[in-house]
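For reference, the chains in residue letters:
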Amino acid sequence: MANQRVARALESMRSPDPALRAQGFDFLREHSDTYVDEIVTAFGEERDDDLRCLLLELIAEARSPGALPVLADQLDGDDESLRFWAIRGLEMLDSAEARQALHRARVNGWLA
């Protein structure tokens, strides 16, 4: 991860200290549109389910068309929290491609 500020924020999000976790999350939320590529990379590498959910929330908040593939990939997963943020992110994108991904998920029975 090239950006040290993002790396520090991610490290803070892994801290046992709730205040540090919140600081890291808040920094990334404020700058999610700027650092969406780094957050997507971190999401793909992360194994902790809770942290993955927070990262997907940040990806959704970025409202970046480039995040569409990672959001769409989470629609058919078993994790309801990830699916929630994937749906929310696609709804916030409000693009033809995002609507198509949501429609496909409904047709395939992944969404109600």
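Above this text you will find the structure in question.
Everything numeric in this text was worked out from a predicted model, so none of it was measured. (Residues numbered from 1 in each chain as written. Predicted model: local features only at pLDDT ≥ 70, side-chain atom pairs only at ≥ 80, totals over all residues. Heavy atoms only, no water.)

Student: Even after reading the chapter, I still don't get the pattern of salt bridges, so can you show me in this structure?
Tutor: If the charged atoms of two oppositely charged side chains come close together, the side chains can form a pair. One pass over the full model with this rule turns up three salt bridges. Ionic pairing is found between Arg14 and Glu46, a salt bridge with its closest N-O pair at 2.6 Å. You can see Arg14 sitting in the loop between α1 (4-13) and α2 (18-30) and its partner Glu46 sitting in the loop between α3 (36-45) and α4 (49-62), a full 32 residues away along the chain. Residues Asp26 and Arg29 are paired through a salt bridge, measuring 2.8 Å at the closest nitrogen-oxygen approach. Linking Asp26 with Arg29, this pair stays in helix α2, spanning three residues, or about one helical turn. Asp26 gets classed as partly exposed once you look at its relative accessible area, which sits at 30%. (Salt bridge = Lys/Arg side-chain N within 4 Å of Asp/Glu carboxyl O. Helix = DSSP H or I, 4+ residues; strand = E, 2+ residues; numbered from the N terminus. Buried < 20%, exposed > 50% of the residue type's maximum accessible area, 1.4 Å probe, protein only.)

Student: Sorry, what's going on with the packing of aromatic side chains here?
Tutor: By convention here, two paired aromatic rings are described through the distance between centres and the angle between planes. Under the criterion given, the structure shown has two aromatic pairs. Ring geometry for Phe84 versus Trp85: centroids 5.0 Å apart, planes at 85°, classification edge-to-face. The class for Phe84 is partly exposed, based on a relative accessible area of 48%. Assessed through its relative accessible area of 15%, Trp85 is described here as buried. Geometry around Phe43 places Arg52 over its ring, the cationic atom sitting 4.1 Å from the centre. (Phe/Tyr/Trp six-rings, centres within 6.5 Å; stacked < 30°, edge-to-face > 60°. Lys NZ or Arg CZ within 6 Å of the ring centre and 35° of its normal.)

Student: Just to check I follow, could you spell out the environment of Ala72 for this structure?
Tutor: Its place among the elements puts Ala72 in helix α5 (residues 68-73). Taking the C-alpha atoms as reference points, Ala72 and Ala98, separated by 26 residues in sequence, lie 7.9 Å from one another. In this structure, Ala72 is in contact with Leu90 and Ala101, ignoring residues within four places of it in sequence. (Contact = heavy atoms within 4.5 Å.)

Student: Just to check I follow, could you spell out α4 for this structure?
Tutor: One turn of an α-helix holds 3.6 residues; hence residues three or four places apart share an orientation. The first and last C-alpha atoms of α4 sit 20 Å apart over 14 residues, in line with the 20 Å expected at 1.5 Å per residue. The buried count for α4 comes to ten of 14 residues, which makes it a mostly enclosed element. Within the span of α4, buried status applies to Leu51, Arg52, Cys53, Leu55, Leu56, Glu57, Leu58, Ile59, Ala60 and Ala62. Tucked into the core, α4 has its buried residues touching α1, α2, α3, α5 and α6 (80-93). Here α4 starts with a cap whose side-chain oxygen sits 3.2 Å from the backbone nitrogen of Asp50, and that cap is Asp48. Immediately downstream of α4, the backbone of Arg63 shows phi near 55°, a positive value. (Expected span 1.5 Å × (residues − 1). Polar contact = N/O pair within 3.5 Å; in protein donor to acceptor, adjacent residues only side chain to side chain.)

Student: What exactly am I supposed to notice about the nonpolar core here?
Tutor: If you look at soluble globular proteins, the nonpolar side chains tend to sit buried side by side. Counting 36 residues, the largest nonpolar core has Leu28, Leu55 and Leu90 as the members making the most contacts within it. Where this core is concerned, the elements lending two or more residues are α1, α2, α3, α4, α5, α6 and α7 (96-107). Considering every element that reaches this core, the biggest residue donor is α4, with eight residues. Contacts of Leu55, omitting those with residues within four sequence positions, involve Leu10, Met13, Ile39, Ala42, Phe43 and Glu46. (Core = buried A, V, L, I, M, F, W, Y, C linked by side-chain atoms within 4.5 Å.)

Keep in mind that these numbers describe shape and distance, not what the molecule does.
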